[in-house]
Amino acid sequence: MCKKMNLVVCDYDDKLVNSNADGFIFNSKEFSCYPSKTMTSTELINLFPRKSKKKYFLNIDSIIEEDEIDTLKKYLQTFFPLFDYIIYSDYAVLLLTTQMFGDSAKDKLIYDSKTLVCSSKEASMIDTKTFISSELSYDEVENILANSSDGKIAINVCGFHRIMYSKRPLLSLYNDFSKESILSRNQMYDLKEEIRSEKYKIIETEKGTFIYTPYAFYFKKPLSDIKRKVFMLRISNPIIDQKSLSEYGDLRLLEELIDLYKDYFEGREVNIDNSLIDFKEGFLTEKLYLLKGARSDE
């Protein structure tokens, strides 16, 4: 059984190796839905032997197709023993790892469905550590923590929240429709509806198309009993586009965020003072109507 820890992690960047992050997430090119830098099997193998004492997480959060099962088995055979934790969203990963490495393999797995896990009952049904949805209010997060096992919960605390994922290449299809090569793959664009002012983030990769909130949501208000209940806080790097980072200077913003969320485990409020990126508490400040049932004002 892995011992109880409180970790602040972010996606790997070699410029952050000396930061206060407790660990790094390495995103699989073959099996992740990460919209920015990913690493091939060869690149991942070259991480070992480790040059850092930080925790290593492997992200394989894509949906596994039936014809990928045998490839996934070989992939897990190689990488499961090397990494401290595996982030997954397809139950094929859970099934295969327990078949291959025994029931204790669950200690190394972290479920990440992006929008599911909206209650303590849902969290309790998952046999591994789990992220909770980023579409919850503070009150709902507090309720989940109060009714969950110690060290079970992981939280995405800062980032552009992914609100849609499609395997269809929507930007390429628009190019086909317009008969012009206007939009490029692997480049972040602003997406604006005609009657709204907000600019959502959209990017197409070889995995499909991803749409994100127009602002970077962040946890600000301290959470009760966070040190006992929460295993990990994740800061999502690609929410901060590389242009903004270069203007701000050498990933310094991410380093500051890491320090702020280290203090967050100590019950301190997070205050971000940055004019380049629009940070908001977003879903956290009020309960979604989808989760309310009947509205009280109707």
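The structure this text deals with has already been given above.
Now for a look at the structure at hand. (Residues numbered from 1 in each chain as written. Predicted model: local features only at pLDDT ≥ 70, side-chain atom pairs only at ≥ 80, totals over all residues. Heavy atoms only, no water.)

1. Quick word on the sheet that holds strand β9 (residues 189-191)
Here comes step 1: Pairing is antiparallel across the open sheet formed by four strands, whose spatial order is β8-β11-β10-β9. This sheet does not close on itself; its edge strands, each paired only once, are β8 (162-166) and β9. Ignoring strand direction, the axes of neighbouring strands in this sheet form an average angle of 25°.
Here comes step 2: Pairing between strand β10 (residues 200-205) and strand β11 (residues 208-212): five bridges, direction antiparallel. When the bridges of β11 are listed, Ile202 appears paired with Ile211.
Here comes step 3: Strand contacts of helix α6 (residues 170-178): β8, β9, β10 and β11, with the helix running at about 85° to β10, the strand carrying the most contacts. (Pairing = 2+ DSSP bridges. Helix = DSSP H or I, 4+ residues; strand = E, 2+ residues; numbered from the N terminus. Axes fitted to C-alpha atoms, helices over the stretch in contact; angles between N-to-C directions. Contact = heavy atoms within 4.5 Å.)

2. Quick look at the nonpolar core
Here comes step 1: Counting 72 residues, the largest nonpolar core has Phe83, Ile155, Phe219, Leu233, Ile235 and Tyr261 as its most contacted members.
Here comes step 2: At six residues, helix α9 (residues 252-264) tops the list of elements feeding residues into this core.
Here comes step 3: Those residues within four positions of Phe83 in sequence are excluded, and the remaining contacts are Phe26, Leu44, Leu47, Phe48, Arg50, Tyr56, Phe57, Leu58 and Lys108.
Here comes step 4: In this structure, Tyr85, Phe131, Phe231 and Met232 belong to the second largest nonpolar core, which totals twelve residues. (Core = buried A, V, L, I, M, F, W, Y, C linked by side-chain atoms within 4.5 Å. Buried < 20%, exposed > 50% of the residue type's maximum accessible area, 1.4 Å probe, protein only.)

3. Describing α9
Here comes step 1: The end-to-end C-alpha distance of α9, which contains 13 residues, comes to 18 Å, matching closely the 18 Å that a straight helix rising 1.5 Å per residue would cover.
Here comes step 2: For α9, the set of buried residues is Leu253, Leu254, Leu257, Ile258, Tyr261 and Tyr264. All buried residues of α9 lie within an arc of 140° about the axis, which places them on one face of the element. (Expected span 1.5 Å × (residues − 1). Arc of directions from axis to C-beta.)

4. So, unusual backbone geometry
Here comes step 1: Along the chain, Phe48 connects to Pro49 via a cis peptide bond; the corresponding omega equals 0°.
Here comes step 2: Its place among the elements puts Pro49 in the loop between α1 (41-45) and β3 (55-60).
Here comes step 3: For Lys114, which is not a glycine, the phi torsion comes out positive at approximately 75°.
Here comes step 4: With respect to the helices and strands, the residue Lys114 is situated in the loop between β5 (109-111) and α4 (120-124).
Here comes step 5: Phi angles above zero are rare outside glycine, and Lys179 is one such case at about 60°.
Here comes step 6: For Lys179, the position within the fold is in the loop between α6 and β9.
Here comes step 7: With relative accessibility at 74%, the residue Lys179 sits in the exposed group.

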